[in-house]
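# Chains, contacts and geometry: an overview
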Amino acid sequence: MTEPDTKRLKVSSCISPSSFVTWNCNGFVSRCKYNLQEIHRLVQENDFPDCLCLQEVRLKALNSTERDKMQKGEHELIRHVFTKGGPFSDYEAYWSLADKRYAGTLTLLHKRLGFDRRETATAFDKDSAIRLMLKIYGLTRKEAGLPEEIIENSSSLSSKKKQTSISSFFSPKHTKTFLDGATKQTSSGHNAEGRFQFFSFEDMDIIQTYVPNNGMKEESFQRRKEWDQEMNNFLQSRLKILRVCGKETRALLWCGDLNCARDYRDGTHWERRLESNNVSDKNSACYEWWTDESKCFMSTPEKDRRPENRGMPSFTPAERARLSQMMQTGNLIDVWREFYPNGNNNEDNGPFKSVWDRPNWTWRAHLSKNGNSRYEGRGQRLDYFLLSRSSDLKPVKCEILGYDSQRKGLFCGSDHCALVLLLRRNEKG
């Protein structure tokens, strides 16, 4: 296989971001229709962050082969939101979308950063991100110690989730977008469902992802396992490239909806239970409601599931083990948990009816009309900022911006609330 041209890609000398918000918006069109003022509040109250990362935008791609009147109306609404004043007019938008109203991500970079989209220091799937890094550092795969790239015509995702046309994404290099027609990205090199975005700045890399849900069947277990394995391989390849360049401490920030609760603290309604009847026994086990299939499942789960796949999606041992492995591979810390190892118990956050109403979880169950929902009042922490442990970036603030089973704070109409992160760069020299 012919090695790619190794002429270095010049990355524009823009300002690197230091303030971030990540939020699973659960349908960007719906949020713009019914919760636009709350979204404006999210941006304004967090001082117009440098970078906003949105997941599950569920906007059908403009160039999809199947168009409809609803799609046209949706894009007209989004054009209005981004061009008719308001806080979004201060941002450059980077989309990665699927052919249908499913998944998808949006990254908003504030114009004050001066990030030049024409320099294309962006990628929208893992393989493209590695190729971009090789181009930036002027390396071949062989020089970086990477195996020869295998070009496949199909995604590793199941056929039900495959992209139906490669031109389905916003691809302004070939077709103008509904925003401003500027060149952002080519139509190739996207995750089939728009779940991955990568940005390279002068002193840091940023990844935002919307990780597939583990589901409850063997097919979806395998799909999620493949995603996690590919992500771990990406983190390994990135570090190999950086080691060759002597930049192994280069910062990486990975944010988004990772669809995994790392441990018992990341789901509500857990409790400690003694392992023996001896009350003086200090060893205790932790009971998790979200892993008790007799309690948390609406219907009887499949009995032939392997032990590592038992429990609610996001709480299975397999998911947790793979997230821990990825964090170890990337030398990443869970920023919010570093700030709040035992949860945010600050009484200044407001009156709480119970400990489970505190701002320690990012997802809250849907509200029922009669209060009889199995999941009502329960929450999960699925959204993260993961940061390189050895980087020159120091987190100074990381907060979950929503609380309470009634979804108070900055949920903005979604079932997920937003998270905010502030970083400070260490002085050099």
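Thresholds applied
- Residues numbered from 1 in each chain as written.
- Predicted model: local features only at pLDDT ≥ 70, side-chain atom pairs only at ≥ 80, totals over all residues.
- Heavy atoms only, no water.
- Pairing = 2+ DSSP bridges.
- Helix = DSSP H or I, 4+ residues; strand = E, 2+ residues; numbered from the N terminus.
- Contact = heavy atoms within 4.5 Å.
- Axes fitted to C-alpha atoms, helices over the stretch in contact; angles between N-to-C directions.
- Parallel < 35°, antiparallel > 145°, perpendicular 65-115°, else oblique.
- Nonpolar A, V, L, I, M, F, W, Y, C, P; charged D, E, K, R; others polar.
- Buried < 20%, exposed > 50% of the residue type's maximum accessible area, 1.4 Å probe, protein only.
- Polar contact = N/O pair within 3.5 Å; in protein donor to acceptor, adjacent residues only side chain to side chain.
- Salt bridge = Lys/Arg side-chain N within 4 Å of Asp/Glu carboxyl O.
- Phe/Tyr/Trp six-rings, centres within 6.5 Å; stacked < 30°, edge-to-face > 60°.
- Lys NZ or Arg CZ within 6 Å of the ring centre and 35° of its normal.

As a general point, the strands of a sheet are linked pairwise by backbone hydrogen bonds and lie either parallel or antiparallel. Reading across from one edge, S5-S6-S7-S8-S14-S11 is the order of the six strands in this open sheet, with mixed pairing throughout. Edge strands, defined here as strands with exactly one partner in the open sheet, are strand S5 (122-123) and strand S11 (332-334). Where strand S6 (residues 196-200) and strand S7 (residues 204-210) come together, five bridges link them in antiparallel fashion. When the bridges of S7 are listed, Phe 198 appears paired with Ile 207. Of the strands in this sheet, strand S8 (251-257), S11 and strand S14 (383-388) touch helix H7 (residues 317-330), which is tilted by about 130° from S11.

Take the packing of helix H5 (residues 218-244) against H7 next. Geometrically, a packed helix pair is captured by the angle between its two axes and the distance between the axes. Put simply, H5 and H7 touch, their axes get as near as 9 Å, and they point 10° apart. Judged by the angle between their axes, H5 and H7 are roughly parallel. Residues Arg 224, Lys 225, Asp 228, Met 231, Asn 232, Leu 235, Gln 236 and Leu 239 of H5 lie in contact with H7, whose contacting residues are Glu 319, Arg 322, Gln 325, Met 326, Thr 329 and Gly 330. Tallied by class, the residues present in the contact of H5 with H7 amount to four nonpolar, five polar and five charged.

It is the contact of helix H4 (residues 126-137) with H5, at a shortest axis distance of 10 Å, that shows an interaxial angle of 5°. With respect to their mutual orientation, H4 and H5 come out roughly parallel. Contacts between H4 and H5 involve Lys 126, Ala 129, Ile 130, Met 133, Leu 134 and Tyr 137 on the former and, on the latter, Trp 227, Glu 230, Met 231, Phe 234, Ser 237, Arg 238, Ile 241 and Leu 242. Classifying every residue of the contact of H4 with H5 gives ten nonpolar, one polar and three charged.

The next point concerns the side chain of His 416. Mapped onto the secondary structure, His 416 falls in the loop between strand S17 (408-409) and strand S18 (419-425). Among the residues examined, His 416 registers a relative accessible area of 4% and is labelled buried. Side chain to side chain, His 416 and Asp 383 meet in a polar contact 2.9 Å long. In contact with His 416, not counting residues within four places along its chain, are Trp 23, Asn 24, Asp 257, Thr 362, Trp 363, Leu 382, Asp 383 and Phe 411.

With that out of the way, let us pick up the environment of His 80. With respect to the helices and strands, the residue His 80 is situated in helix H3 (residues 69-83). Overall, His 80 belongs to the partly exposed group, its relative accessible area being 47%.

Here the structure, examined in full by the defined rule, presents 23 salt bridges. We note a salt bridge from Arg 101 to Glu 74, for which the minimum N-O separation is 3.0 Å. Of this pair, Arg 101 sits in the loop between strand S3 (91-96) and strand S4 (105-110) while Glu 74 sits in helix H3, and the two are 27 residues apart along the sequence. Take Arg 101: its relative accessible area is 29%, and that puts it in the partly exposed class. A relative accessible area of 8% places Glu 74 in the buried class. Among the ionic pairs, Arg 224 bridges to Glu 319, the shortest N-O distance being 3.2 Å. Of this pair, Arg 224 sits in helix H5 while Glu 319 sits in helix H7, placing them 95 residues apart in sequence.

In this description, an aromatic ring pair is defined by two values, namely the gap between the centres and the angle between the planes. What the rule picks out here adds up to 22 aromatic pairs. Aromatic pair Phe 198 and Phe 234: ring centres 6.1 Å apart, planes at 80°, arrangement edge-to-face. Here Phe 198, found in strand S6, pairs with Phe 234, found in helix H5; they are 36 residues apart in sequence, far enough to count as distant. Of the two residues examined, Phe 198 and Phe 234, each falls in the buried class. Taken together, a centroid distance of 5.7 Å and an interplanar angle of 85° make the contact between Phe 352 and Tyr 403 edge-to-face. Of this pair, Phe 352 sits in the loop between helix H8 (335-339) and strand S12 (363-364) while Tyr 403 sits in strand S16 (residues 402-403), and the two are 51 residues apart along the sequence. The exposure class assigned to Phe 352 is buried, which follows from its relative accessible area of 17%. Sitting over the face of the ring of Tyr 102, Lys 100 holds its NZ or CZ atom 5.6 Å from the ring centroid.

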